[in-house]
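# Results of the structural survey
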Amino acid sequence: MDKILFGDNQFFAVNHVSDEKSRAQSIQFKEDAAIIKILDQAIDVGINTFMCTTHERIANICNYIRLNPKKYQNFNIYPCMPYAHKYANAVTELGIMGTIKNYIPGSIFGTFAKGGFALMSKDFIKLMELLIDAEMKMFKDLNTPVIFIQNVIVDMILGLKMYDIFKSYDQYIRTKYNAEPGYITMNMPLLLDSLNSVGIMNPIICSSINKIGFRMSGGVEIYEKYLSEKQFRPIAMQVLASGALHPSEAIEYLGKFPNIESVLFGASTKSHIQETKMLINKHL
Amino acid sequence: MARNIDIFKNQKGMITGAVIGLGKMGISHAAIIGANPLVNFVAVCDSSTLVLDAFKKFSTVKTYRNFKEMIDNESLDFVLVATPTRFHFPMVKYALENGLHVFCEKPFNLNSKDGEELVQLANSKSLINQVGYHNQFIGTFRELKRLLQADVLGDLVHFMGEAYGAVVTKEKGKTWRSNAEEGGGCLYDYASHVLNLIQEIIGNPVHSAGTKLKSIYSNDVEDAVYSTLSLDNGLSGLLSVNWSDNTYRKMSTTLTVIGKNGKISCDATEIKIYLKESNKKEGLDKGWTIKYITDFALPVNFYLRGEEYSAQIEHFVNCIITKKQGSYNTFEQGNNTDKVIEMIIANSKKN
């Protein structure tokens, strides 16, 4: 993995500390061209991996990338699925069954289609595979060497102790997509233990890592212990604790943990991208 | 927040619990309870065989289709009820009658008389009771309450309670949420959160006027609620809630309080304070001060969808273990919110 992964929260008005800032971002990135412009600026400063949700607008970005294969030949995308709000709102509106029916590919009378069959026979793993395929459609023919499940799903499976689902996910991503499975979580220590318990060793885990312990369940100490002592491939996110930390002190802190392979961050301007990249290169 | 790593491992829970109702909230609660090292999570109950089969296949908990059977057969300390609202009363009642502590999702009931009976029953048996108004466990709202109690705004003039989101944005979909008889609709769903916050942070609404319940995309229920509320402390203000607002990515709830000395606007992510004069005791300057959730988030051992969801369960579990009813989200408080909802419905019929 590259040392620096460029994220997409800023494009979709995700701001963990300010609803107002997120609205401002949604105005800045109303047009897909504005997203592409920032992506190109990231590429200009030497960032070649874009870690993004399966938000419907990413499909437009993917189309653009496919149309310009030369320009993006070294560009990697790390998809993170699913885009949770899409499903969460659907569950509120349609119920769990309705949501599955809505998102399983195939006709709505799909009892005879693959999806309908999986649903009828309660083949949950098959269902999961179909949902992954549906989410991955937008990335067809693009480089997706690592494929993540979002924290809402990871942490739900984790809490329910349904660890075998991780195992099936891991296998499917490796065999069908020839990619590395990755896990986003707000509960890194617990997740690592659980993955290890079903034989998933040295996993790629993306979690909040910052010195004030923001979104680090169980507290800073246990995270630091795991970062120092355990074998896994950590990606640090929320390193600025949603703006509570100054970039230089935030990234200097990450330097204490040489095991951290990559840092995920998003920015809305070229100067921010440059500044953060410089700090990461200095400290990691 | 120092925590022992071993808390995650090999520790047998101190209390035993089960979840009734495995919709979106129920599954989320089940995961949070499952991850709580103080709890033995032993059983779930739901009417959907699809969901139950998933639990059977992938988890170690027992599955039931009948809640009475589950309560009768399992040796439980508590149940968490997360079914559609109309089922709350019989389920909570049966659990209380069987001596179980109960966490019940919001809204508490569709009829405050039922709620009153449950409040009495829980109190008479000294059972821990809590309703799932999770906003009470968001640090920014707690800070707002503290600042109001510290009187930083001086005499209060006005308040606004708002919630917006994009839940129902199309004319389709039939679930219990689209059925008024079952407590679907924006008033019981979205607005109840705001009313509960107003009640616990600013003052208890005792009068409602000019209420409009508006349907936007739904046929049978309201998608927006607007009302003028008067509180027991004499303050009046506005309620404005709309769950069919496409401009919001997710639910956004805001309380604004205006006083003679300034104004505070608070949501789940930030608290914005404007003061006419500085407040030395609170360290607040004249003019604007903005503080973020990073300063106020309640530390939790497990995170799913927001600290507040775990914090409320940790609070409930802690109350059971210490055998002491907490002051957050009691059945009585939940039932009070139901009474306010009834008052608003009654007023809407006059308009």
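So, here's what we can say about the structure.

Parameters at a glance
- Residues numbered from 1 in each chain as written.
- Chains lettered and ligands numbered in written order.
- Predicted model: local features only at pLDDT ≥ 70, side-chain atom pairs only at ≥ 80, totals over all residues.
- Heavy atoms only, no water.
- Core = buried A, V, L, I, M, F, W, Y, C linked by side-chain atoms within 4.5 Å.
- Buried < 20%, exposed > 50% of the residue type's maximum accessible area, 1.4 Å probe, protein only.
- Helix = DSSP H or I, 4+ residues; strand = E, 2+ residues; numbered from the N terminus.
- Contact = heavy atoms within 4.5 Å.
- Salt bridge = Lys/Arg side-chain N within 4 Å of Asp/Glu carboxyl O.
- Polar contact = N/O pair within 3.5 Å; in protein donor to acceptor, adjacent residues only side chain to side chain.
- Pairing = 2+ DSSP bridges.
- Axes fitted to C-alpha atoms, helices over the stretch in contact; angles between N-to-C directions.

Counting residues in hydrophobic clusters, the biggest one holds 109 residues, and the most contacted among them are Phe6 and Phe166 of chain A. Ranked by residue count, the leading element in this core is helix H8 (residues 163-177) of chain A, at 7 residues. In this structure, Phe166 of chain A is in contact with Ile149, Val154, Ile157, Leu158, Tyr183, Leu191, Leu195 and Ile200 of chain A, ignoring residues within four places of it in sequence. Residues Leu231, Val241, Ile273 and Leu275 of chain B belong to the second largest nonpolar core, which totals 42 residues.

Moving on to the pattern of salt bridges. For side chains bearing opposite charge, pairing can occur when the charged atoms are close. Residues and elements named next belong to chain A. By the definition in use, this model includes 22 salt bridges over all chains. Linking Asp40 and Lys71 is a salt bridge whose minimum nitrogen-to-oxygen distance equals 2.9 Å. Remark: Lys71 occurs in the loop between helix H3 (56-67) and strand E3 (76-81) and Asp40 occurs in helix H2 (residues 32-44); sequence separation between them is 31 residues. Of the residues examined, Asp40 reaches a relative accessible area of 17% and is grouped as buried.

All names here are of chain B. Mapped onto the elements of the fold, His315 is located in helix H8 (residues 307-322). A polar side-chain atom of His315 sits 3.0 Å from a polar atom in the side chain of Gln130. Ignoring anything within four residues of it in the chain, the contact list for His315 reads Gln130, Phe137, Gly326, Ser327 and Tyr328.

Before going further, it helps to examine the sheet that holds strand E14 (residues 287-292) of chain B. All names here are of chain B. Spatially, the 8 strands line up as an open sheet ordered E8-E9-E10-E7-E11-E12-E13-E14, and their pairing is mixed. At either end of the open sheet lies a strand with only one pairing partner, and these are strand E8 (205-214) and E14. Each adjacent strand pair in this sheet contributes to an overall mean axis angle of 10°, direction not counted. Across 5 bridges, the pairing between strand E11 (residues 252-259) and strand E12 (residues 262-266) is antiparallel. For Ile258, the partnering residue across the bridge sits in E12 and is Lys263. Across the sheet, helix H6 (residues 139-149) touches strand E7 (156-164), E11, E12, strand E13 (270-275) and E14, and the angle it forms with E13 is around 25°.

Before going further, it helps to spend a moment on the environment of Tyr226 of chain B. Residues and elements named next belong to chain B. Turning to its location among the elements, Tyr226 is positioned in strand E9 (residues 224-231). On the accessibility criterion, Tyr226 (27% relative accessible area) is partly exposed. A C-alpha to C-alpha distance of 9.6 Å links Tyr226 and Leu187, two positions 39 residues apart in sequence. What Tyr226 contacts, discounting residues up to four positions off in sequence, is Gly210, Thr211, Lys212, Lys214, Leu239, Ser240, Val241 and Asn242.

What follows deals with the sheet that holds strand E3 (residues 62-64) of chain B. Residue and element names in this part refer to chain B. Read across the sheet, 6 strands follow the order E3-E2-E1-E4-E5-E6 without closing on themselves; strand pairing throughout is parallel. Of all strands in the sheet, those bounded by a partner on one side alone are E3 and strand E6 (129-131). Strand-to-strand twist across the sheet, computed as the mean angle between neighbouring axes with direction ignored, equals 20°. As paired strands, strand E4 (residues 78-81) and strand E5 (residues 101-104) are joined by 4 bridges and run parallel to one another. Bridge pairing in E5 places Leu80 opposite Phe103. The sheet strands contacting helix H4 (residues 88-97) are strand E1 (15-20), E4 and E5, and the helix crosses E5 at an angle near 160°. Along the sheet, H8 contacts E1, strand E2 (39-45), E4, E5 and E6; its crossing angle with E5, the most-contacted strand, is approximately 165°.

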